[in-house]
Amino acid sequence: MNTPAGGRKTALTKYGMLVAGTAILAFGLYNIHRQSDITEGGVLGLVLFFDHWLGITPALISPVLDLTCYLIGFRFLGKEFAKCSVIASLSFACWYAILERFPPLIPSLEEYPVWAALLGACFVGLGVGLAVRAGGAAGGDDALAMTISHLTKWPISRAYLFTDLVVLALSTTYIPPKNLLCSLITVTVSSFLIGQVQTFGRKGASGGVPLAAK
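Residues numbered from 1 in each chain as written. Predicted model: local features only at pLDDT ≥ 70, side-chain atom pairs only at ≥ 80, totals over all residues. Heavy atoms only, no water.

Trainee: What should I look at first to understand the packing of aromatic side chains in this one?
Mentor: Any aromatic ring pair is given by two values, namely how distant the centres are and how the planes are angled relative to each other. Scanning the model with the defined rule gives six aromatic pairs in all. Note on Trp154 and Phe162: the rings are 5.6 Å apart at their centroids and 75 degrees apart in plane angle, and the pair reads as edge-to-face. For Phe162, a relative accessible area of 43% gives the class partly exposed. Every member of this aromatic cluster is reached through a ring pair, and the members are Tyr30, Phe92 and Tyr96. Arg75 extends its terminal NZ or CZ atom over the ring of Phe76, reaching a point 4.9 Å from the ring centre. (Phe/Tyr/Trp six-rings, centres within 6.5 Å; stacked < 30°, edge-to-face > 60°. Buried < 20%, exposed > 50% of the residue type's maximum accessible area, 1.4 Å probe, protein only. Lys NZ or Arg CZ within 6 Å of the ring centre and 35° of its normal.)

Trainee: Could you clarify how one ought to interpret the environment of Cys122 in this entry?
Mentor: Within the secondary structure layout, Cys122 lies in helix H5 (residues 113-133). Judged by relative accessible area, Cys122 falls into the partly exposed class, the value being 38%. For the pair Cys122 and Thr186, spaced 64 residues apart in sequence, the C-alpha separation works out to 8.5 Å. (Helix = DSSP H or I, 4+ residues; strand = E, 2+ residues; numbered from the N terminus.)

Trainee: Explain the layout of surface pockets here, please?
Mentor: Empty space among the atoms can be located by rolling a probe the size of a water molecule over them. Estimated volume of the largest pocket: approximately 710 Å³. Partitioned by chemical class, the residues of the lining of the largest pocket number 15 nonpolar, nine polar and six charged. Taken as a whole, the second largest pocket encloses approximately 200 Å³ of empty space. The wall of the second largest pocket is formed by 14 residues, among which Gly42, Leu46, Leu144, Thr163 and Val167 lie closest to the centre. When residues of the lining of the second largest pocket are traced back to their parent elements, those giving at least two are helix H2 (42-54), helix H3 (58-77), helix H6 (140-152) and helix H7 (156-171). With five residues, H7 is the single largest residue contributor to the lining of the second largest pocket. Split into classes, the residues belonging to the lining of the second largest pocket amount to 10 nonpolar, three polar and one charged. (1 Å grid on protein atoms, 1.4 Å probe; cavity = no way out; pocket = protein on both sides within 12 Å on 5 of 7 lines; lining within 4 Å. Points joined across faces, edges and corners; volume = space filled by probe spheres on them. Nonpolar A, V, L, I, M, F, W, Y, C, P; charged D, E, K, R; others polar.)

Trainee: Could you clarify how one ought to interpret the side chain of Lys14 in this entry?
Mentor: Tracing the sequence through the fold places Lys14 in helix H1 (residues 4-36). Judged by relative accessible area, which is 19%, Lys14 ranks as buried.

Trainee: Quick question: what am I supposed to make of the pattern of salt bridges here?
Mentor: Where side chains of opposite charge bring their charged atoms close, a pairing between them can arise. All chains considered together, the criterion is met by two salt bridges. A salt bridge links Lys14 to Glu80, with the nearest nitrogen and oxygen atoms 2.9 Å apart. With a gap of 66 residues between them, Lys14 in helix H1 and Glu80 in helix H4 (residues 79-99) connect regions that are remote in the sequence. Classification of Glu80 as partly exposed rests on a relative accessible area of 23%. Linked by salt bridges that have partners in common, Lys14, Glu80 and Lys83 make up one network. (Salt bridge = Lys/Arg side-chain N within 4 Å of Asp/Glu carboxyl O.)

Trainee: Honestly, the packing of H5 against helix H8 (residues 177-199) in this entry has me stumped. Any pointers?
Mentor: The relative placement of two packed helices is expressed as an angle between their axes plus a distance between the axes. One can describe the packing of H5 onto H8 by two numbers: an axis separation of 7 Å at closest approach and a directional angle of 30 degrees. Of the possible angle classes, the one that applies to H5 and H8 is roughly parallel. Two packed elements cross with a definite hand, and for H5 against H8 that hand is right-handed. Residues belonging to the contact of H5 with H8 are distributed by class as follows: 17 nonpolar, six polar and two charged. (Axes fitted to C-alpha atoms, helices over the stretch in contact; angles between N-to-C directions. Parallel < 35°, antiparallel > 145°, perpendicular 65-115°, else oblique. Left-handed = near helix turned anticlockwise from the far one by under 90°.)

Trainee: Is there a simple way to think about the environment of Leu161 in this case?
Mentor: Along the chain, Leu161 turns up in helix H7. Since its relative accessible area comes to 25%, Leu161 is described here as partly exposed. When the C-alpha positions of Leu161 and Thr188 are compared, they lie 6.4 Å apart, and in sequence the two are 27 residues distant. Excluding its chain neighbours within four sequence positions, the residues that come into contact with Leu161 are Val187, Thr188 and Ser191. (Contact = heavy atoms within 4.5 Å.)

Below, the structure written as C-alpha cells:
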C-alpha cells in the first residue's frame, strides 16, 4: 500500500514522464519532420488523405478525428487515461508553441530523407513511448493504438504499426513512392521504439497497454 509520500512520488514520476515525452516528441516533429516533409501515419496521414481527396480542411477534420479516438480510448481505458491524455496533449501544444518561437536547432535533412526518417522516428518513438508508458496519449493516434492493444492484447508496437500501415496504404493513391518509402521507414522504426520504451524494465511485459492506463 502506498504512503501519501509514495503516492506523490509516483504521480510526480508519471506526469514528469508525460511532460518529458511530449517535449521530445515536439522537438522531433518541429526540427526534423516539419523541415524534411517526412510524415507519420495515423491521424496525421488520415487528415492529409481527407484533405487531398475530399477537400476537407485539416482545421476541421483533425480535431474531429482526435476527439473520436479520445472518446474510444475513454470508453475502454477509463478516466485515468483521459486525465493523462489531456495533460499530455496540453503539454505537447505548449512545447510546440515554445519551439516555434525559435529557429530549428537541427540543420534541415531535406536532402537526406532516409536519415530524416530514421532520426525523426527516434524522437517519435522515445517521446510517444514515454507518454504511453505513463498511461496517456499525446494524440488521437496514441489513443487508438492503445485501445487496439487493450482489446486485442497485441503489443503496443504492433497496434501502432497496424494503424499506420492502414493509413499509408490509403496514401499510396496520392503520395509519391519515394516519400511513401520514407514514411514507411519512420512508422516502422517509431512503432518498434514505442514498444521498447513502454516495456523497458518490466519483467514479463507483453507490450500491451499497462493496467494503470485503465
